[in-house]
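# Structural description and commentary
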Amino acid sequence: MKKIGIGIIGCGFMGKAHSFGAKTIPLYYDNIPFLPCLVGACDVNLDIALAMKERNGFELATSNLDELLSRKDIDVVTVSTPNVFHRDIILAALAAGKHIYADKPLAANYAQACEITDAWQHSGLVTQVAHQFRFFPAVLRAKQLIDEGRIGKIMSFHGAYLHSGSIAKDKPIGWKQDKAMGGGGVLFDLGSHILDLLHYLLGDFSELFASTRTLYPERPNAKGDMVKTDADDSAWILCKLPDGSQGMVEASKIYTGSNDDFRFEIYGDKGAIRFDSNFPNLLDFFDNQEPEKPLGGTRGYLKIETMSAFEKPGGAFPPSKFPLGWIRSHVHCFYSFLNSVYNGTPATPSFEDGAYILKLLEASYASAEKGTWVTL
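Residues numbered from 1 in each chain as written. Predicted model: local features only at pLDDT ≥ 70, side-chain atom pairs only at ≥ 80, totals over all residues. Heavy atoms only, no water.

### Thoughts on the state of the cysteines
Inspection of every chain in the model, using the stated rule, returns zero disulfides. Not engaged in a disulfide, the cysteine Cys 37 finds its nearest cysteine sulfur in Cys 11; these two sulfurs lie 17 Å apart. In this structure Cys 239 is not part of a disulfide, and its nearest cysteine sulfur, from Cys 114, lies 20 Å away. (Disulfide = S-S within 2.5 Å.)

This is the structure:
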């Protein structure tokens, strides 16, 4: 069995998610020909890296990126630092010959994403952006239905990713509320996910018109001092596809009553699909080919039970009929990447996909600033 050595760069929340994926893949997937091995934990705060090492069985803890990248027993690195550091880390990892699994968005701006993509294209290395929402069984089934023509010509769509974590005025900001660190606000953090998902399902966009809002111009930092913040707390984007269909994308951290609400609706002339992450085991599908009959017949939304029904070698543990949660999509996303590393095949979403999302994000901010439609 081939061992794939893994280095985690950035040992915060997402570093834990990537570590969880590496440790549990051998349990979720039967008889796979590779074994993920946690080798190195790297964080600018050495104490955090040391804690990751001690609690999760890493061999190395360091605050020195070069020390981690020089390890010959590390084949793959994951990048889960603040966005402003992605470019330099990814370029260094590419130069060191490491396969790369990068958190979203790929970089702090589109120019950096293009620089990353240019450096990667002829490297022969496998890379992927961690847009895990693509990897729910319900979303994979939605993609099948669209590709099979069951939805028909797309007429309209709506996507939203909603939180309520930034409503409190006195809540200290983190790096994601600092545009200098993140590249943007909620549009970068949550909007990148829903834009990627719709791009995956529907293809390229042609035009967009955006509006953003910063709820409070000042918020406390970690020390309690009031600081100015220019990061958006909510964003709305009207989108057009090349065929003329239109839709809306919404991202917000000031959506009262929400938790981690990710949902989309797509309406075509032959059918429609709906997904809500609060009900991750179900995909709603409306077949417009079903005839209208007295008392309704069988016309109406069908709830497809996708549950944990991943294609083999997934779906064996836990059994496919068992319900799944948020972390399971992260595991399948990471498994898909490592499987591509093992087989030497391209992984998706690719760095090119990641760069395209940065293009959409920057165009959205340009539209919001100018108050006009932007052609892509």
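### Quick look at helix 8 (residues 186–202)
With 17 residues, helix 8 ought to run about 24 Å at 1.5 Å a step, and its terminal C-alpha atoms sit 22 Å apart, in line with that. Most of helix 8 is tucked away, with 17 of its 17 residues classed as buried. Just past helix 8, the residue Gly 203 takes up positive phi, approximately 95°. (Helix = DSSP H or I, 4+ residues; strand = E, 2+ residues; numbered from the N terminus. Expected span 1.5 Å × (residues − 1). Buried < 20%, exposed > 50% of the residue type's maximum accessible area, 1.4 Å probe, protein only.)

### Brief notes about the nonpolar core
Ile 90, Ile 100, Leu 106, Phe 264, Ile 266, Ile 273 and Phe 351 are the most contacted members of the largest nonpolar core, which totals 72 residues. In this structure Ile 90 touches Val 79, Ile 100, Ala 102, Leu 106, Ile 116 and Phe 351, once residues within four positions along its chain are discounted. Ranked by size, the runner-up nonpolar core spans 27 residues in total, among them Tyr 29, Leu 38, Ala 41 and Val 126. (Core = buried A, V, L, I, M, F, W, Y, C linked by side-chain atoms within 4.5 Å. Contact = heavy atoms within 4.5 Å.)

### Remarks on the pattern of salt bridges
Two side chains that carry opposite charge are able to pair once their charged atoms sit near each other. Taken as a whole and assessed by the stated rule, the structure comprises 18 salt bridges. Of the charged contacts in the structure, one is a salt bridge between Lys 153 and Asp 243, with a shortest N-O distance of 4.0 Å. Here the residue Lys 153 occupies a position in the loop between helix 6 (137–147) and strand 7 (154–162), and Asp 243 occupies one in the loop between strand 11 (234–240) and strand 12 (246–252), the gap between them amounting to 90 residues. What makes Lys 153 partly exposed here is its relative accessible area of 45%. Judged by relative accessible area, Asp 243 falls into the partly exposed class, the value being 43%. Close ionic contact of Lys 176 with Asp 189 constitutes a salt bridge, the shortest N to O distance being 3.3 Å. Residue Lys 176 is found in the loop between strand 7 and helix 7 (179–182), and its partner Asp 189 is found in helix 8; the two are separated by 13 residues along the sequence. For Lys 176, a relative accessible area of 31% translates into the label partly exposed. Residues participating in the shared-partner salt-bridge network are Lys 104, Lys 176, Asp 189 and Lys 253. (Salt bridge = Lys/Arg side-chain N within 4 Å of Asp/Glu carboxyl O.)

### Some remarks on the packing of helix 8 against helix 10 (residues 351–370)
With their axes 10 Å apart at the nearest point, helix 8 and helix 10 run at an angle of 120° to one another. The angle between helix 8 and helix 10 falls in the class oblique. In this structure, helix 8 meets helix 10 at a crossing whose hand is right-handed. Only Asp 353, Tyr 356, Ile 357, Leu 358, Leu 360, Leu 361, Ser 364 and Tyr 365 of helix 10 make contact with helix 8, whose side of the interface consists of Leu 187, Phe 188, Ser 192, Leu 195, Asp 196 and His 199. Of the residues belonging to the contact of helix 8 with helix 10, the class tally is nine nonpolar, three polar and two charged. (Axes fitted to C-alpha atoms, helices over the stretch in contact; angles between N-to-C directions. Parallel < 35°, antiparallel > 145°, perpendicular 65-115°, else oblique. Left-handed = near helix turned anticlockwise from the far one by under 90°. Nonpolar A, V, L, I, M, F, W, Y, C, P; charged D, E, K, R; others polar.)

### Re the pairing of strand 2 (residues 34–42)
Counting buried residues along strand 2, seven of its nine residues qualify, which places the element largely inside the surrounding structure. With eight bridges connecting them, strand 1 (residues 2–9) and strand 2 associate as parallel partners. Along strand 2, the bridge assignment pairs Lys 3 with Leu 35. At this point the chain moves from strand 1, through helix 1 (residues 13–28), to the parallel strand 2, and the crossover so formed is right-handed. (Pairing = 2+ DSSP bridges. Right-handed = clockwise from strand over helix to strand, strands pointing away.)

### Description of the sheet that holds strand 1
Sheet architecture is open: six strands sit in the order 3-2-1-4-5-6, paired in parallel fashion. The open sheet has two edge strands with one neighbour each: strand 3 (60–62) and strand 6 (127–129). Each neighbouring strand pair of the sheet contributes to a mean axis angle of 20°, computed without reference to strand direction. Note: strand 5 (residues 99–102) against strand 6, three bridges, orientation parallel.

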